[in-house]
Amino acid sequence: MLKNSSVARACSAAAFLSIAAPAGAELKGNDALTAVYELILSAQFDRADAEIRRACPPAPTEACRVLDAVSVWWRIQLDPDDRSRDRLLNDRARVAVKAADGWTRREPASAEAWFYLGAAYAPLVQWQVLRGERVAAARNGNRIREALERALQIDPAMADAHFGIGVYEYYADVASAAAKVVRWLLWLPGGDRADGLERIDRTRTSGSLLRAEADFQRYVIDIWYEHKPDEALAILKSLDARYPENPIFLQRIAEMYDTHLHDARASAAAWQMLIDRARNDRVHDAARVLALAERRRRAIF
């Protein structure tokens, strides 16, 4: 199961990865960026890193700097107790933010530039939530919202920009009392749960690159905040079917059966499926995943 609420919130922050094409116009190099993003979600990180080098150009350099950071974040998310990549994540995120910020200064009327600025902050915010840096995460989360709102002001057809805004709106509304105090002290705007969910679901149904991220975000919301385990489980099964080499989805399925649905047999079966994949080297980091899955399966009975 998820070890604590910090990990859960960090997973929810994955929703801020707003690297998506406008509904009415494609990002430059969209096909190459899409291919890289699919590799990241499939936990094929070495291949993704190689493809990033080939994607830019024709895609903007700023887009690839964002993907550099996103790739590291997903590695961390698979094994959050491993802090060996924390410095690399921070370094890559800073490079991405600096590059995207420079683009907005050169071309302040470019919706794409503001879009990537919002995306550039995303991996950093997720890491800050994971490591308990709530004040910094709140400030940077608001920067994501501001950048995406600026992008939509310039180009209202940029439908996927609603996703990051929706995540802010939702969590600003449902956050704990302590988190709301932090928001109030920082003079950050409040949220709207219903509007946030509508924006997230809009991306799930009509997004370009972000449908899987939006699905993963909705799973986190449904299991931890909306208390809809059946809907959350269906989402995870869909993600696992699409990205079977990424162990996180099947691991979460096994944990959900145990912790939320109280179905020990189904949980054991899911762990066994993950064991089989690891033994056949069909998941990322197979040795670690095998040890984890075998230990967790034994603990059930």
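Residues numbered from 1 in each chain as written. Predicted model: local features only at pLDDT ≥ 70, side-chain atom pairs only at ≥ 80, totals over all residues. Heavy atoms only, no water.

1. Some remarks on the overall build of the protein chain
- Helix and strand counts for the protein chain come out as 15 helices and zero strands.
- Residues classed as buried in the protein chain amount to 55% of the 301 residues present.
- Across the protein chain, every contact between residues at least 6 apart in sequence was considered, and the portion connecting residues at least 24 apart equals 64%.
- Summing over all exposed atoms, the protein chain offers an accessible surface of approximately 12,900 Å²; the carbon and sulfur share of this is 51%. (Helix = DSSP H or I, 4+ residues; strand = E, 2+ residues; numbered from the N terminus. Buried < 20%, exposed > 50% of the residue type's maximum accessible area, 1.4 Å probe, protein only. Contact = heavy atoms within 4.5 Å. Areas by Shrake-Rupley, 256 points an atom, 1.4 Å probe, with all protein chains shown as cover.)

2. Some words on unusual backbone geometry
- Cis geometry marks the peptide bond from C56 to P57; its omega dihedral reads -10 degrees.
- Positionally, P57 belongs in the loop between α3 (45–55) and α4 (61–78).
- Residue P58 is reached from P57 by a cis peptide bond, and omega for that bond is 20 degrees.
- As for its position among the elements, P58 is in the loop between α3 and α4.
- Even without being a glycine, D285 presents a positive backbone phi close to 55 degrees.
- Position of D285 relative to the elements: it lies in the loop between α14 (264–279) and α15 (286–300).

3. Brief notes about the packing of helix α2 (residues 30–41) against α4
- The N-to-C vectors of α2 and α4 enclose an angle of 10 degrees; their axes lie 10 Å apart at closest approach. Accordingly, the angle class assigned to the pair α2 and α4 is roughly parallel. Along the contact surface, α2 presents L33, V36, Y37, I40 and L41, while α4 presents A63, C64, L67, V70, S71 and W74.
- Per-class residue counts for the contact of α2 with α4 are ten nonpolar, one polar and no charged. (Axes fitted to C-alpha atoms, helices over the stretch in contact; angles between N-to-C directions. Parallel < 35°, antiparallel > 145°, perpendicular 65-115°, else oblique. Nonpolar A, V, L, I, M, F, W, Y, C, P; charged D, E, K, R; others polar.)

4. With respect to the pattern of salt bridges
- What the rule picks out here adds up to 26 salt bridges.
- D79 serves as the salt-bridge partner of R288, at 4.0 Å between the closest nitrogen and oxygen. Of the two residues, R288 sits in helix α15 while D79 sits in the loop between α4 and α5 (86–106), which places them 209 residues apart along the sequence. (Salt bridge = Lys/Arg side-chain N within 4 Å of Asp/Glu carboxyl O.)

5. Considering the confidence of the model for the protein chain
- When pLDDT is averaged across the protein chain, the result is 86; 86% of the residues are at 70 or more.
- Predicted confidence for residues 1–25 stays below pLDDT 50, and this span has 89 contacts to residues more than four positions away or in other chains. (pLDDT = per-residue confidence, 0-100.)

6. What to know about helix α13 (residues 247–259)
- Its 13 residues place the ends of α13 18 Å apart at the C-alpha level, agreeing with the 18 Å of an ideal helix rising 1.5 Å per residue.
- Among the 13 residues of α13, eleven are classified as buried, and the element is accordingly described as predominantly covered.
- Along α13, the positions that sit buried rather than exposed are P247, I248, F249, L250, Q251, R252, I253, A254, E255, M256 and Y257. (Expected span 1.5 Å × (residues − 1).)

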